[in-house]
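The primary structure of each chain is shown beneath.
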Amino acid sequence: MKTMDEFANRHPGTTGLLRFFEYAHLPEHLRDVSAPIGQLARDLVHTLPDGPELTAGLRKLLEAKDCFVRAAL
């Protein structure tokens, strides 16, 4: 996983949400669930411009990721 430096030029609202998609700190069984979603979030930020729709989409993706991780507990 690359560092957040790759997103240094992005809107603070975008980078503020991306930090919640980091997964290196998780135990392996939770990392397996979280990593693909974290990568999707990063791919979307690389593809889409900053704006309210990106922020809303990332928030909803974060909510879904949290549900999936809780299901794996």
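Shown above is the structure to which this text applies.
Note that the coordinates shown come from a computational prediction; the quantities given were computed from them, not determined experimentally.

Before we go on, may I ask you to explain the overall build of the protein chain in this structure?
Along the backbone of the protein chain there are 3 helices and 0 strands. Reading the protein chain from its N terminus to its C terminus gives the helix and strand order α-α-α. Since a compact globule built from 73 residues should have a radius of gyration of about 11 Å, the 12 Å found for the protein chain is in line with a globular shape. Each of the three principal axes of the protein chain carries a C-alpha extent, and together these read 35 × 20 × 15 Å. For the protein chain, the proportion of its 73 residues judged to be buried stands at 33%. Of the contacts formed within the protein chain by residues at least 6 apart in sequence, a portion of 63% connects residues at least 24 apart. The centroid of the 9 positive side-chain charges in the protein chain is displaced by 3 Å from the centroid of its 10 negative side-chain charges.

Would you mind going over helix α3 (residues 52–72) with me for this structure?
Given 3.6 residues per turn, any residue in an α-helix points the same way as the ones three and four places further on. Look at α3: 30 Å from first C-alpha to last across 21 residues, which is about the 30 Å you get at 1.5 Å a residue. Among all positions in α3, only Leu54, Thr55, Ala56, Leu58, Leu61, Leu62, Lys65 and Val69 are buried. Buried residues along α3 sit in contact with α1 (12–18) and α2 (28–47).

Rules and cut-offs
Residues numbered from 1 in each chain as written. Predicted model: local features only at pLDDT ≥ 70, side-chain atom pairs only at ≥ 80, totals over all residues. Heavy atoms only, no water. Helix = DSSP H or I, 4+ residues; strand = E, 2+ residues; numbered from the N terminus. Rg over C-alpha atoms; globule rule 2.2 N^0.38 Å. Buried < 20%, exposed > 50% of the residue type's maximum accessible area, 1.4 Å probe, protein only. Contact = heavy atoms within 4.5 Å. Lys, Arg positive; Asp, Glu negative; His and termini not counted. Charge placed at Lys NZ, Arg CZ, Asp CG, Glu CD. Expected span 1.5 Å × (residues − 1).

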